[in-house]
Amino acid sequence: MRLGYFTMPLHPLHRDTTETLHEDRQTIIYADRLGFYDAFVGEHLTDKAENVTNSLMFLATLIFETQNIKLGSGTSNLSHAHPTLIASQAAMFDHLAKGRFIFGISPGALASDAESLGMLDQDRNKLFAEAIDVILAIWQRDPPYDIDFENNRFKVTTRQTAVPAIGRGELMKPFQKPYPEVVGTVVAPFSKGVIAMGQRDFHPMSANFLLSHWLPSHWANYAEGKASVGQQAKAADWRVARTIFVSDDASTAKRYGHEDANSPYRYYYQQMLTKMKISNRHVIFKRSPDEDDSLLTLDRLMGDLVITGTVNEVVDQILALRETAGDFGEIVYAGMDLVDPALGRRSMELMAQEVMPRVNQALGLGSAINV
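Heads up: these notes are all about the structure in this document. Remember, predicted model here, so these are calculated numbers, not experimental data. (Residues numbered from 1 in each chain as written. Predicted model: local features only at pLDDT ≥ 70, side-chain atom pairs only at ≥ 80, totals over all residues. Heavy atoms only, no water.)

## Some words on the packing of aromatic side chains
Move 1: This model, assessed by the stated rule, comprises 15 aromatic pairs.
Move 2: Seen in terms of ring centroids, Phe93 and Phe101 are 5.0 Å apart; in terms of plane orientation they differ by 50°. Their pairing is tilted. Like Phe93, the residue Phe101 is buried in the burial classification.
Move 3: Cluster of aromatic residues (ring-pair linked, three or more members): Phe93, Phe101, Phe103, Trp139 and Tyr179.
Move 4: The aromatic ring of Tyr37 is capped on one face by Arg2, whose charged end is 5.0 Å from the ring centroid. (Phe/Tyr/Trp six-rings, centres within 6.5 Å; stacked < 30°, edge-to-face > 60°. Buried < 20%, exposed > 50% of the residue type's maximum accessible area, 1.4 Å probe, protein only. Lys NZ or Arg CZ within 6 Å of the ring centre and 35° of its normal.)

## Observations regarding the environment of Val306
Move 1: Looking at the secondary structure, you find Val306 in strand β9 (residues 306–309).
Move 2: Judged by its relative accessible area of 7%, Val306 falls in the buried class.
Move 3: Each C-alpha atom of the pair Val306 and Arg242 lies 7.4 Å from the other, and the pair is 64 residues apart in sequence.
Move 4: If we ignore the near neighbours within four places in the chain, the residues touching Val306 are Thr243, Gly257, Tyr265, Tyr269, Leu301 and Gln317. (Helix = DSSP H or I, 4+ residues; strand = E, 2+ residues; numbered from the N terminus. Contact = heavy atoms within 4.5 Å.)

## Digging into unusual backbone geometry
Move 1: Cis peptide bonds are those with omega within 30 degrees of zero, and the linkage from Met8 to Pro9 qualifies with -25°.
Move 2: You can see Pro9 is positioned in the loop between β1 (2–7) and α1 (17–34).
Move 3: Cis geometry is adopted by the peptide bond preceding Pro144, which originates at Pro143 and carries an omega value of 10°.
Move 4: As for its position among the elements, Pro144 is in the loop between α5 (124–140) and β6 (182–186).
Move 5: Phi angles above zero are rare outside glycine, and Asp146 is one such case at about 50°.
Move 6: Summarising the element assignment, Asp146 is placed in the loop between α5 and β6.

Structure below.
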């Protein structure tokens, strides 16, 4: 099993933007030094707590500050820009990173982002589906492209203005051939989008704020999508994100990872509970779809969704998670605000140097951090 990193990020509103952006950069640099396999960074335009507005721009600042870690958009919101722009920018990023790039994609879920772009009444899922078809066609075709799919609003050609002798009219293709790994974040239980991922050979990442008993539905739908095109789903292609805090002692783990009013984990889930209720997506926190909303307390969410404890306790919880979810290829460590930088970095260190080697050894995979 591999170890990855994902940050939305989510910072308290009073914190300085410059400070938190650089803090998030340093955390990914540290993850690279610890041997994390990949790092994904989310993006929003209109959320002060989640203040990365363009994941590719943010990650570009890390290409030459890191050595091995793969850098993933987490996600590029495809409804926010013309697919020609995203295809060209992602392709250039892939060249700059010399293939250390994962193309994470989504429609863009934040309603206030859509309103600010004047597209609140548009079907962002349809925009997303149309955009990804065009992006992949740009990467797989040669000029003049002549991309004109039925029922797709995006038409791409350079036929009228191309001058091949001087290179005009040609869009950049990625460094990786035919294109980078494509990853989609999955939030909803029984998501039909995961079926489409299997059909398209995209790879799913199950969100860290989804209750673990919903995870088997993601794998079942992904496997269904793969089977529908005559392929077999590979567990190595499935990422499961979790909220994790590892400490040298149980009392610190309980305090910082759960009970303390200033815990970044409590702040995170207070924000997520509020946001999901506003968008009427809080079913992801329920133990059954018809459960009463009044049962969704912050303390219960913390108990259900935060893996915290000493090294041995976290190892046991990850192995128990695997028993619930089934086999998956990567556990993705969710990044938090560094209320206590020493504790935050120590947790990552213990996760990389102690927890993952023991997890992989228990699974019969040897004692490497990434298998």
